[in-house]
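Chain residues, written in single-letter form:
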Amino acid sequence: SKENKKGTFIKDRICVPLLENGEIVNMECRDYTEEQKLKVIYPKGSKADILWNWGGISLRKPLYVVEGIKSAFRIWRYISKNVVATLGSSLGASQKKLLSKVKNLILFPDNDDAGRSMITQINKFYDYDYLIVFMPGAGQDPADSTLEDLEYAVEHPIESAEWRLSQYDFYNKIKNKKITWEKVL
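Cut-off values and rules
- Residues numbered from 1 in each chain as written.
- Predicted model: local features only at pLDDT ≥ 70, side-chain atom pairs only at ≥ 80, totals over all residues.
- Heavy atoms only, no water.
- Core = buried A, V, L, I, M, F, W, Y, C linked by side-chain atoms within 4.5 Å.
- Buried < 20%, exposed > 50% of the residue type's maximum accessible area, 1.4 Å probe, protein only.
- Helix = DSSP H or I, 4+ residues; strand = E, 2+ residues; numbered from the N terminus.
- Contact = heavy atoms within 4.5 Å.
- Pairing = 2+ DSSP bridges.
- Right-handed = clockwise from strand over helix to strand, strands pointing away.

(A) Region of interest: the nonpolar core. Counting 20 residues, the largest nonpolar core has V65, L99, L105, L107, I122 and Y130 as the members making the most contacts within it. Sorting the residues of this core by element identifies β4 (63-66), α2 (93-99), β6 (105-108) and α3 (113-125) as the ones contributing at least two each. The element contributing the most residues to this core is α3, with four residues. With near-sequence residues (within four places) excluded, Y130 lies in contact with L105, L107, I119, I122, N123, I158, E159, S160 and R164.

Below, the structure is given as structure tokens:
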């Protein structure tokens, strides 16, 4: 085991280098034993406002955006190699700037409150319609799902406009036929 000067252990962790313009700017160190207090750590002072795999994507193809690297690996293996990870649900200025260049975005956040807050962030700066994909179960993310659930989720995206409308109770009543347009008009 190794310990740095601040006392952060990287024992029993898989460390993935995070690159920007070919340079290592960060490293995600993930606990593979599931016994440590923090499941993921990053070196102090490293750059966090990056997108994992940004240098390996095509802006001409649909781009999957996920929160974690583990989820990105899963998408990469089974769905598409055109995937980036945001390293969490909170987006920084550089990440927003890069994502605003994408014309065909498929947001695949974790199915939790933090993931839904990511949608709100995207809606504030992203100028195009996009697709949203959720795992079917609450709290699920692409990394820890079955392949069957992952494929189901990808095959059943939600359009961003539909998501925005679904946040309003009135729209849900119409959609669920509790109110008809004739009653409204």
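Continuing now.
(B) Representation of the pairing of β4 in the model. Residues L63 and V65 point to one face of β4 and Y64 and V66 to the other, with burial holding for every one of them. Where β4 lies against β6, four bridges are found, and the strand directions are parallel. When the bridges of β6 are listed, V65 appears paired with L107. Note: β4 against strand β5 (residues 83-85), three bridges, orientation parallel. Residue pairing across strands places V66 opposite A85, the latter belonging to β5. Traced from β4 through helix α1 (residues 69-78) to β5, the parallel crossover comes out right-handed.

(C) Structural view of unusual backbone geometry. Not every positive phi belongs to a glycine, and D12 is a case in point at roughly 60 degrees. Its location among the elements puts D12 in the segment before β1 (13-20). Its identity is not glycine, yet L87 carries a phi of approximately 65 degrees, on the positive side. Within the element layout of this structure, L87 appears in the loop between β5 and α2. Since its relative accessible area comes to 17%, L87 is described here as buried.

(D) Main features of the environment of L99. Looking at the element boundaries, L99 is found in helix α2. What makes L99 buried here is its relative accessible area of 0%. For L99 and F125, which are 26 residues apart along the polypeptide, the C-alpha to C-alpha distance reads 9.2 Å. Discounting residues that sit within four places of it in the chain, L99 has contacts with L51, L63, V65, V84, L91, L105, I122, F125 and Y126.

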